[in-house]
Amino acid sequence: MKPLTETEIRAAFVNCSKGEAKRLSVPHDLREQPWDDLDYLGWRDPQSPVRAYLVTELDGRNQAVVLRCPSSTGQPRRTLCSMCLTSPVSGVSLMVAPKAGAAGKQGNSVGTYVCSDLACSLYLRGLKDAGPGARLNESIAVEAKVERTVANLAAFLAKVTG
């Protein structure tokens with residue numbers, strides 16, 4: 001993924017108003033992100049634990065979505081992430097995105113199970129330890145796992161914007 005600026009991230013949101021995009025919390029450490037190893041940049045809102053954000057580049061344009069997620073109270077759920085097919089010890093959460101446009105204004109949303117810390121890219125590449133038994137034993141190359149994750153992400157974003 002190519003490095004993004006705060007302005008580029010704010011302009012990429014497809015399922016919130018421009019005013020909401022201006023007010024949301026963007027990571028302060030954008031320069032330190034491992035951009036070459038990211039398929040998407042995801043983060044939880046430090047001021048609101050039930051909000052998360054995800055931004056990626058698909059088909060040559062940046063797309064970002066606002067997500068609702070459960071607060072991180074209680075025991076993390078060891079289920080399978082729909083994006084990267086990992087079951088990290090940090091847990092997997094149902095993340096729900098309001099649909100873009102008129103459908104979103106009517107309250108329609110779509111959801112998917114995603115690593116609670118939104119670190120799918122790092123788990124796939126072995127750059128972050130997901131814990132014992134968290135990764136399926138697969139014989140495909142890392143590049144194929146990345147392609148699958150990007151396809152899963154694209155399918156989710158198509159549901160948000162469609």
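Above this text you will find the structure in question.
So, here's what we can say about the structure.

What counts and what doesn't
Residues numbered from 1 in each chain as written. Predicted model: local features only at pLDDT ≥ 70, side-chain atom pairs only at ≥ 80, totals over all residues. Heavy atoms only, no water. Helix = DSSP H or I, 4+ residues; strand = E, 2+ residues; numbered from the N terminus. Rg over C-alpha atoms; globule rule 2.2 N^0.38 Å. Buried < 20%, exposed > 50% of the residue type's maximum accessible area, 1.4 Å probe, protein only. Lys, Arg positive; Asp, Glu negative; His and termini not counted. Salt bridge = Lys/Arg side-chain N within 4 Å of Asp/Glu carboxyl O. Contact = heavy atoms within 4.5 Å. Core = buried A, V, L, I, M, F, W, Y, C linked by side-chain atoms within 4.5 Å. Pairing = 2+ DSSP bridges. Phe/Tyr/Trp six-rings, centres within 6.5 Å; stacked < 30°, edge-to-face > 60°.

On to the overall build of the protein. A tally of regular secondary structure across the protein gives 5 helices and 5 strands. Ordering the α and β elements of the protein from the N terminus gives α-α-β-β-β-β-α-β-α-α. Compactness check: the protein gives a C-alpha radius of gyration of 15 Å against a globular reference of 15 Å for 162 residues, within 12% of the reference. Dimensions along the principal axes, computed over C-alpha positions, put the protein at roughly 45 × 35 × 30 Å.

The next point concerns the environment of Arg78. Mapping Arg78 onto the fold places it in the loop between β3 (61-68) and β4 (92-98). Along the backbone, Arg78 and Val92 are 14 residues apart, and their C-alpha atoms lie at a distance of 6.4 Å.

Moving on: the side chain of Asp45. Mapping Asp45 onto the fold places it in the loop between β1 (41-44) and β2 (51-58). Comment: no salt bridge for buried Asp45; closest opposite-charge side chain is Arg51, at 4.4 Å. Beyond its immediate stretch of four places on either side in the chain, Asp45 contacts Ser25, Arg51, Ala52 and Tyr53.

So, about the nonpolar core. Ranked by size, the top nonpolar core spans 28 residues in total, and within it Leu67, Cys81, Val114 and Cys120 carry the most contacts. Secondary-structure elements contributing two or more residues to this core are β2, β3, β4, β5 (109-115), α4 (120-124) and α5 (142-161). Among the elements that line this core, the one with the most residues is α5, at 5 residues. Residues within four places of Leu67 in sequence aside, it is in contact with Val50, Arg51, Ala52, Leu54, Met95, Val96, Ala97 and Phe156. Counting residues in each nonpolar core, the second largest holds 18 residues, with Ile9, Trp35, Leu38 and Val55 among its members.

β2 sits mainly inside the fold: 6 of its 8 residues count as buried. By the bridge criterion, 4 bridges tie β1 to β2 in an arrangement that is antiparallel. Across the sheet, residue Arg44 finds its bridge partner in β2, namely Ala52. The hairpin formed by β1 and β2 contains 6 residues between the paired strands.

All told, the structure shown has 2 aromatic pairs when counted by the stated rule. With centroids separated by 6.0 Å and ring planes inclined at 90 degrees, the aromatic side chains of Phe13 and Tyr53 adopt a geometry described as edge-to-face. Here Phe13 is found in the loop between α1 (6-11) and α2 (18-23), whereas its partner Tyr53 is found in strand β2, with 40 residues between them in sequence. For Phe13, a relative accessible area of 9% puts it in the buried group. Aromatic pair Trp43 and Tyr53: ring centres 5.3 Å apart, planes at 40 degrees, arrangement tilted. Here Trp43, found in strand β1, pairs with Tyr53, found in strand β2; they are 10 residues apart in sequence, far enough to count as distant. One aromatic cluster in this structure is built from Phe13, Trp43 and Tyr53.

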